[in-house]
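Reading the structure
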Amino acid sequence: MKILGKVAFLLLLGGMWCQNNRNTKAGGKSTKKSGGNQGGDVGQSLPVVDPTHGNTGSTGSATGIGSTRGTGGTAEAAQEGAAGARNAGQHTDDMRLHFLKNTQVTCNDGTAAGFYLKEFRGSRRWQLFLEGGWCCHSKETCDSRYQNIPRLMSSSRWPQTKRGTGILSSQAEENPHWYNANIVFIPYCSSDVWSGTGPTPTPPPRPRQGREKERDRNTNATEYTFMGSLIIREVIKDLIPKGIKLAKVVMLSGTSAGGTGVLLNIERVASQLEQLGAEAQVRGLVDSGWFLESKQQRSPNCPETISCSPEDAIKIGLRLWNGVVPDRCRQLYKRGEEWQCFFGHKLYSTLTSPLFVVQWLFDEEQLRVENIYMGGQSLSEEQWQYIQNLGRELKNSLTDVTAVFAPSCLSHTVITKSNWMSFQVKGTSLPRALHCWDRSLEATRNNRTPAKGCPFHLVDTCQWPQCNPTCPALVDQATQQELTLLQMLVAMGLDLQKLGLDPQGDADSLASMVSNGG
């Protein structure tokens, strides 16, 4: 009898284990299913690591915007997922996806817009980050974008969690001054440089003439919605239960088109928080979103995004997006000229919120607009001259900017890169410059004298691309080898002697510039 009793007990335990195992599998299925629920938070039982988490920023062009991989796994992602499973329920450094409660404000394709949030309990500092990725401005360019980079127009394949890097990292060693803030990553899925307040698409109208025809040109006859500015507004509304009304500092940051989005929306964000009764100081951080107008003459009806100058794309897009610009800037320009407010050097003086500008003096995306690709197959003497002139013009445009970090380098975006602490201007790193700016703003706010010896207006004085020794390395696109600037110019077909450049002498002069502080 004792033996039979033990057998019965073991069978009972086995049955309980099997039932529990079935429940676990069923729970896994329901979690997957709930991933499609776009009216609120994404259901999840285990962290799902975004395989692109190593680069949460984007390069900002329609041709080179970060990774377009979906949420399918790599070996690395699988390993991290397994690690997440082992540590389920423990503290995670990932940002978690939340869809907007207002389901009327959507991505281009009508899927729910949203944001990723990593809360730091007790912190009254918030960072809201706008992702970059240029724009589309017509049915043709938007169709092409949707086919090639769907994640920038739809939330259907967004991962449930995202790992912050650079200034979005929650690790003190990678992000010494903002790791303990509440971090909000707002994915870019509106393709309107964060300016759109567009109505839902309308069917193509019947043929009309005269004034009716002109009015129809301002309607959205595509299949897409453009609501970038509204998405920011709704994100802030959804953060109220999370405590943003109690914030002391709210920093709106962004890279590339996201940086331009900061310029366009910072005053609106400050006004919204003030109306909510928040006493937060709203600040802006613009990374690689300070563009200059193109020098090339192009057809105003440019068919492809890549063949459009920035101003032409914005002129056409503004009507499609029902785009908005800051009121004080808009008042400076007549109707139809509002596109000028997308350019920082024209908008900056009208802003009242504090702004910090991070800008490579030889921005690769600014060069791409002129069909210049460093590390590509060839470079003409005229293009080399343009590159040198660009550095001077960007430098001049930043003269009156109070807080700026502008290295004399060929690159694009920096604040979301894991190695963002390694770049310096005149011996000061970017995180240090941001901290100095932070201290200065706090001192001014509290009627104290700002500390001396803590600089935050940092612009390289040397004239050459890559004359700053901390610049990111140049890479030959064909061989993937790292090259010096002069080596790259030779590889791209330039005759250094014909340009009046002596390889040894100019190498020595570059070294001299560097040793004298850039």
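These figures come from a predicted structure and were not determined experimentally. (Residues numbered from 1 in each chain as written. Predicted model: local features only at pLDDT ≥ 70, side-chain atom pairs only at ≥ 80, totals over all residues. Heavy atoms only, no water.)

Below, the discussion takes up the packing of helix H5 (residues 228-238) against helix H6 (residues 257-275). Where H5 meets H6, the axes come as close as 11 Å, and the angle between the chain directions of the two elements is 30°. Considering their axes alone, H5 and H6 lie roughly parallel with respect to each other. At the point where H5 passes H6, the crossing takes the right-handed sense. On the side of H5, the interface is formed by Ser-229, Ile-232, Arg-233, Ile-236 and Lys-237, while H6 contributes Asn-265, Arg-268, Val-269, Gln-272 and Leu-273. For the contact of H5 with H6, the per-class residue count stands at four nonpolar, three polar and three charged. (Axes fitted to C-alpha atoms, helices over the stretch in contact; angles between N-to-C directions. Helix = DSSP H or I, 4+ residues; strand = E, 2+ residues; numbered from the N terminus. Parallel < 35°, antiparallel > 145°, perpendicular 65-115°, else oblique. Left-handed = near helix turned anticlockwise from the far one by under 90°. Contact = heavy atoms within 4.5 Å. Nonpolar A, V, L, I, M, F, W, Y, C, P; charged D, E, K, R; others polar.)

This next bit is on empty space enclosed by the protein. Enumeration according to the criterion identifies three cavities of 30 Å³ or more in this entry. In this structure, the largest cavity encloses a volume near 130 Å³. Lining the largest cavity are 13 residues, and of these Trp-134, Thr-260, Phe-291, Pro-310 and Val-369 lie nearest its centre. For the lining of the largest cavity, the secondary structure elements donating two or more residues are helix H7 (310-321) and helix H10 (364-369). Among the elements that line the lining of the largest cavity, the one with the most residues is H10, at three residues. A class-by-class count of the residues in the lining of the largest cavity yields eight nonpolar, three polar and two charged. (1 Å grid on protein atoms, 1.4 Å probe; cavity = no way out; pocket = protein on both sides within 12 Å on 5 of 7 lines; lining within 4 Å. Points joined across faces, edges and corners; volume = space filled by probe spheres on them.)

Across the protein chain, pLDDT averages 80, with 72% of residues at or above 70. Scored below 50 in pLDDT, residues 210-218 makes seven contacts in the model with residues more than four places away or belonging to other chains. A low-confidence stretch, residues 512-518 (pLDDT under 50), is modelled with 11 contacts involving residues beyond four sequence positions or located in other chains. (pLDDT = per-residue confidence, 0-100.)

This part is about the pairing of strand E5 (residues 182-186). Along E5, five of the five residues are buried, which leaves the element largely enclosed by surrounding structure. Burial along E5 is two-sided: Asn-182, Val-184 and Ile-186 facing one way and Ile-183 and Phe-185 facing the other are all buried. Examined bridge by bridge, strand E2 (residues 114-118) and E5 share three bridges and lie antiparallel to one another. Directly across from Lys-118, in E5, lies its bridge partner Ile-183. (Buried < 20%, exposed > 50% of the residue type's maximum accessible area, 1.4 Å probe, protein only. Pairing = 2+ DSSP bridges.)

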